[in-house]
Structure formats: C-alpha cells, structure tokens
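# Architecture at a glance
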Amino acid sequence: MKISLHNISKSFGKKQVIEELSLEMEDGKFTTLLGSSGCGKTTLLRMIAGLETPDSGEILFDDTPVFSKEKGINVPPEKRNLSFVFQDFALWPHMTVFENVAFGLRARKDKDNLKERVQEALDAVKLGDLKDRYPHELSGGQQQRVSFARAIIVKPKCILFDEPLSALDAQLRETMRLEIKQMTTKLNMTSVFVTHDQSEAMSMSDLIVVMNGGRIEQCGTPQEIYEHPATKFVAQFIGKADFLSEDAMVRPEAVTLSEDGELEGTVTSSQYIGGKYILGVDVGSSNWTLSSGRDYPVGESVRLTYDREKTVRFAGE
Ligand SMILES: Nc1ncnc2c1ncn2[C@@H]1O[C@H](COP(=O)(O)OP(=O)(O)OP(=O)(O)O)[C@@H](O)[C@H]1O
Ligand SMILES: [Mg+2]
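Rules used in this analysis
- Residues numbered from 1 in each chain as written.
- Chains lettered and ligands numbered in written order.
- Predicted model: local features only at pLDDT ≥ 70, side-chain atom pairs only at ≥ 80, totals over all residues.
- Heavy atoms only, no water.
- Pairing = 2+ DSSP bridges.
- Helix = DSSP H or I, 4+ residues; strand = E, 2+ residues; numbered from the N terminus.
- Axes fitted to C-alpha atoms, helices over the stretch in contact; angles between N-to-C directions.
- Parallel < 35°, antiparallel > 145°, perpendicular 65-115°, else oblique.
- Left-handed = near helix turned anticlockwise from the far one by under 90°.
- Contact = heavy atoms within 4.5 Å.
- Nonpolar A, V, L, I, M, F, W, Y, C, P; charged D, E, K, R; others polar.
- Near = heavy atom within 4 Å.
- Polar contact = N/O pair within 3.5 Å; in protein donor to acceptor, adjacent residues only side chain to side chain.
- Areas by Shrake-Rupley, 256 points an atom, 1.4 Å probe, with all protein chains shown as cover.
- Core = buried A, V, L, I, M, F, W, Y, C linked by side-chain atoms within 4.5 Å.
- Buried < 20%, exposed > 50% of the residue type's maximum accessible area, 1.4 Å probe, protein only.

### So, the sheet that holds strand E18 (residues 301-306)
Here five strands make up an open sheet; going across it, the order is E14-E18-E15-E16-E17 and the pairing antiparallel. The outermost strands of the open sheet, each flanked by one partner alone, are strand E14 (255-257) and strand E17 (287-292). Between one strand axis and the next, the sheet turns by 45° as a mean value, whatever way the strands run. Judged from the six bridges that link them, strand E16 (residues 277-282) and E17 form a sheet pairing that is antiparallel. Across the sheet, the residue bridging to Leu-279 is Leu-290, located in E17.

Structural data, given as structure tokens:
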C-alpha cells in the first residue's frame, strides 16, 4: 500500500509541531522517519494511523483519501487496515503469548482457523514453542517478537513502528533490526518506522526521511543521505562530517593521513574500535574525524589530505 501525505500540518495549542509536510511512502518499502526528540515523528505516525487529526492537508492510501480536511474525510483508525508496534510492546500481562496474539482476531470476531493462524504468526517470529508463557516469563526480545506477531496476524497493509527497539540492549537491538527488516520484506509489507537512532535508520531503511523541527530536511536512500547530505543539519545528524567551511564537508572515509598532506593538525583524541583507531584532529577551523590503522598520541602533529571528488557542498540553508 502506498501512503501519500499532502501538506499535513499539526499544532498543539500555539505550538506548530508539523509544518505543511508532504511525503510519499512506496508500497512494500521500509521508510524510516528519523529525527531528534520532539521533532514530530510520533505525531506524524499517529496521524497516519488516525490516532491524531491533522489541522490541514490530505492523507491518501493507494490514492484513496483516509483524511482530507477539504473534503471532510477522516477514516477511523480501526478501518485504516494498519498495525502499530509500540516502544513498550503493550502486551496484556494477564494473557499468554497465544492469547496476546489471538486478541486482534477475537476482537474482530475473525475466528476461522484461529489456532492455526496464531501458530503460523508465532512460528514466523520464532516463538512457536513459547505460546503458553506469560509476558513476564519472556525476555525483552521475545516480548518484542510477540508484539510483532500480534501486528502481522491481522494481515495489515502497513505496519507502523514507534521506536520498537529502544527498550532492548545494544546486541539484541541489532539482531532485531535484521529480523524486522527480513520479516517485513518477506511479507511484502509497507513499513513506516520511527527512530532517533541514525545507525538503526541506515541499516534498515529503503528510504530515510530526516526530520527537523516538524519539517523534512531530506528524503533519500541511506546512501544518498550519507554521501550527499542536502544540508549541514543532515551532514551532522547522519554519521561524522569533516567541515572544510560552513557549506562544504567530506566524510571521514575521504580523509587520510599523509606526510605531504596540505592540511596540518593536532591529534586531540584516539579511540580503538577494533581493527582501527578513530582519531580526532584539530585542523584549526574545526575538529575532524578520521580512521587510522595505527594509534597516534594526543598532541602529535599530523598532516592530512582529502579526496576532493568526495567534497559535498550544501545548496544553502
Ligand atoms: N497531545 C499532545 N499535546 C500537546 N503537545 C504534544 C502532544 N503530543 C506531542 N506534543 C508535542 O509535540 C512535539 C512533538 O512530539 P512528538 O511526540 O511527535 O515527538 P517525537 O519526534 O516523537 O519525539 P521523541 O523522539 O522524544 O519520541 C513535542 O514538543 C511534544 O511535546
Ligand atoms: Mg516519539
């Protein structure tokens, strides 16, 4: 299912949270809304779900309006054919895994082959053997899988995820990133995923929407956003940027230490990250980041060069 937003705005009281925002999310693709806390990600997701009403604009699912201020259309959440996966999993503590997953079907009085369908959803998330457990008898990752099984069992056209991995530890988060991406791809589901974690966004998305203060800063594939950031904000928000001037930068991969390099600097930090060191180098106008095969003591003078073809200039802000 394709989702289109046209000129969506939303204010809470006097505070405008979303400003005239337009966006297309393609059928079967994984789109991530990325931005810092308070930039309006959850508000936007809730408007897609019908849990929040925009002040203006239109939301279309496959070219059919589910919200239109002008035409007075506002389809209620339960009729939008979406599932929502929350940060806190929102499982029913007094129900078993099986009953948690069956809940959505029972609520719709959709009981044909219920047992088989629940089993199928649990097998898909590798929880087939744990269906009689209660949520408190599961690990965080297993609870997250239950909430995912509950979302997919109703065969929605789209799944909305609001920071679903932030309650998990770092290692589990990485495993679950892969699992969620693989499952949504396999089920060919349109996914809209909210996070403030840029590495999560980079590793999972077909399309990243970088948001800043209720507006879209840039929209593109992870490669486009990383290699061709449109603004200084994006350059700083995604990965590390070494600034040549206010409106030009290179990524650390384009920078190398070289005895006859044209830039002179002083090492300010060195971190071993396995296999290589990440150096901070003060080049006068700014502090640069680059990687090095060997360690350098803080305070050492070094010379640097960079690949001019990899220079990115911002169109202006
Ligand atoms: N129901 C509400 N009433 C009043 N203000 C709200 C309401 N919901 C959200 N806001 C405000 O709107 C702004 C955007 O909130 P939102 O929850 O969309 O941000 P977010 O990008 O999801 O942030 P986070 O990463 O912290 O979850 C915030 O300033 C928030 O305080
Ligand atoms: Mg939020």
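### Description of the packing of helix H2 (residues 97-107) against helix H3 (residues 114-124)
Any two packed helices are characterised by how steeply their axes cross, that is the angle between the axes, and by the distance between the axes. Where H2 meets H3, the axes come as close as 10 Å, and the angle between the chain directions of the two elements is 120°. In terms of orientation, H2 lies oblique with respect to H3. Relative to H3, the crossing made by H2 is right-handed. Judged by residue contacts, Val-97, Phe-98, Val-101, Ala-102, Leu-105 and Arg-106 of H2 engage Leu-114, Lys-115, Arg-117, Val-118, Ala-121 and Leu-122 from H3. By residue class, the composition of the contact of H2 with H3 is nine nonpolar, no polar and three charged.

### Structural notes on the site of ligand 1
Close contacts around ligand 1 come from Phe-12, Lys-15, Val-17, Ser-36, Ser-37, Gly-38, Cys-39, Gly-40, Lys-41, Thr-42, Thr-43 and Glu-163, and that covers them all. Between an oxygen atom of ligand 1 and a side-chain N or O atom of Lys-41, the distance comes to 2.8 Å. In the environment of ligand 1, an oxygen atom lies 2.5 Å from a nitrogen or oxygen atom belonging to the side chain of Thr-43. Relative to its unbound accessible area of 640 Å², ligand 1 is 59% covered by the protein chains. Sorting the residues of the shell around ligand 1 by element identifies strand E2 (15-25) and helix H1 (41-49) as the ones contributing at least two each. Here the shell around ligand 1 gets three residues from one element, more than from any other, and that element is H1. Counted by class, the shell around ligand 1 contains three nonpolar, six polar and three charged residues.

### Focus on the nonpolar core
Core analysis: the biggest nonpolar cluster contains 34 residues, and Val-101, Val-118, Phe-148 and Ile-159 have the highest contact counts within it. Of all the secondary structure elements, the ones that give two or more residues to this core are H2, H3, helix H4 (140-152), strand E8 (158-162) and helix H5 (170-186). Residues contacting Val-101, with those up to four places away along its chain left out, are Val-118, Ala-121, Leu-122, Val-146, Ala-149, Arg-150 and Ile-153.

### Observations concerning the sheet that holds strand E13 (residues 248-250)
Taken in spatial order, the three strands line up as E12-E13-E19 in an open sheet, and their pairing is antiparallel. Bordering the open sheet on either side are strand E12 (242-245) and strand E19 (312-313), each of which pairs with just one other strand. Direction of pairing for E12 relative to E13: antiparallel, over a ladder of three bridges. The residue bridging Asp-242 from the neighbouring strand is Val-250, located in E13.

### Here we look at the side chain of Arg-177
Note on placement: Arg-177 falls in helix H5. Residue Arg-177 is classed as buried on the basis of its relative accessible area, which comes to 11%. Not counting the four nearest positions on each side in its chain, Arg-177 is found in contact with Leu-165, Asp-197, Ser-199, Glu-200, Ser-203 and Met-204.

Taken by themselves, the reported measurements are silent on function.
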